[in-house]
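Examining the three-dimensional arrangement
What follows is the residue order along each chain.
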Amino acid sequence: MRYGGRQPGDVSYPGVPAAAQAELLALVAEVAARVGVAGPDAVLLTGFGTIRSWASRRRRLLLVGLPLLQCLTVDEVRALVAHELAVVDHRRAHLVVRLRALYEEAVDPLSLAPSARAETIARATHDFAVALERKADQAASSASGLHTAARAVVKADLAAFEFADLAFDVEEQVWQRTNAAVQDLHAGWREAVRAGAVVAALDDDTRTALMARHPSLAGAIASLSPAHVALRVADAVPLVPLPPDLERELARHVLRREGDQWVTFAALPAGPDWLERQARAVTDQVATLLRRPPDGPAEVVEVLLTRLDELVAANWPAQPEPPAEPEELDGTPSVVVVAEAALTARGWRRVHPAAAGVLQGPEGEQHNLTLLARAALDSPAALAVLLELLSRDQLST
């Protein structure tokens, strides 16, 4: 994850009191009673996409990530809360939390170079970590049911990645243009989810990793379909709107901006100029393949969706032989960039500045370009819709 930073459970991990969130506090208390564990000494909201427990010798905390509250159902949040409360349901909870963190650090697949020390720690703590995870998984199942618990851990993992990706992209674009940080980052995430701009995909590697991490939920995780892991705003835990100072604090957790320069999505200029630059770069790549300028964005998109392997070979001849199937390279992000740049130039606008690829035209027509581009990989009808949308100006002249 790009915005890793301090992990939940670190003594200095940032959070703000959730005292105003009565519905969330009631849910935590209900879960503790339902699964027969002690409630936390405090509940904190964090800016990261995670729900995590932490303990010192004197107190136990539950850190609840706002991004998850905005895209998981009440029952899914209930399962994750039960999972974490079970972790610290121990007389020496602070030692349990420390051992858990040591094990996770030792087996982290993102570690650049596994060391002998990490391997030793992993072996020494493996049995403990497996037993702890089984206990926590069982608590999650008791709170919400086996299949809901499985959905919860998978959706939480996908949401954490997607939120970090959105935060990175938004921050990169806004910081370069305004030298400021986005105050209402989490409100933007909520609107992006609401608009359908966050399209999470459960790939085989992620599924396998989560099944290994959650052995008691592995069977239910194996049976999840794409529809099961869709992120949505409906049926979420009701939240009291955050005042601007807490909005900034939660955004600061993620963006790591310590200055006083903040901007809201509403204040950003329409039609980000970086889209045009990226679209131009992709268009130049297509021109290299065609050995002539493409006729327009429709032809660029058609090449991306039907001749992606040839495009790679023409522009990066030193690369190994590209895959035979375009799907294996997934050109849809470039398709979305080219299509969005073209439509933006014709007066279309995002339904929300954070909702990349979800555009509304001057007369109210709306399209989710990400879904349309993915469908166009396999569906000639969807491809025809996309190409017609991008060719309208050409056809009218």
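Note that this is a predicted model, so its numbers are computed, not measured. (Residues numbered from 1 in each chain as written. Predicted model: local features only at pLDDT ≥ 70, side-chain atom pairs only at ≥ 80, totals over all residues. Heavy atoms only, no water.)

Next up on the list: the sheet that holds strand S2 (residues 42–46). Taken in spatial order, the four strands line up as S1-S2-S4-S3 in an open sheet, and their pairing is mixed. Each end of this open sheet is capped by a strand with a single partner; those strands are strand S1 (16–17) and strand S3 (51–55). The pairing of S2 with strand S4 (residues 60–65) spans five bridges and is classified as parallel. Bridged to Leu-44 within S4 is Leu-63. Against the sheet, helix H1 (residues 22–35) touches S2 and S4, its axis set at about 130 degrees to S2. Each of S3 and S4 is contacted by helix H3 (residues 74–87), which is oriented at about 20 degrees to S3, the strand it contacts most. (Pairing = 2+ DSSP bridges. Helix = DSSP H or I, 4+ residues; strand = E, 2+ residues; numbered from the N terminus. Contact = heavy atoms within 4.5 Å. Axes fitted to C-alpha atoms, helices over the stretch in contact; angles between N-to-C directions.)

Here we take up the confidence of the model for the chain. Within the chain, residue pLDDT values average 88, and 89% of them lie at 70 or more. Confidence drops under pLDDT 50 across residues 1–12; counting only partners more than four residues distant or on other chains, this segment forms 31 contacts. Counting interchain partners and residues more than four positions distant, the pLDDT-below-50 stretch residues 324–329 has ten contacts. (pLDDT = per-residue confidence, 0-100.)

What follows covers the sheet that holds strand S7 (residues 349–350). The three strands lie next to each other as S7-S8-S9, forming an open sheet whose pairing is antiparallel. Each having just a single partner strand, S7 and strand S9 (366–368) make up the two edges of the open sheet. Bridging between strand S8 (residues 358–360) and S9 involves three bridges; their strand directions are antiparallel. Across the sheet, residue Val-358 finds its bridge partner in S9, namely Asn-368.

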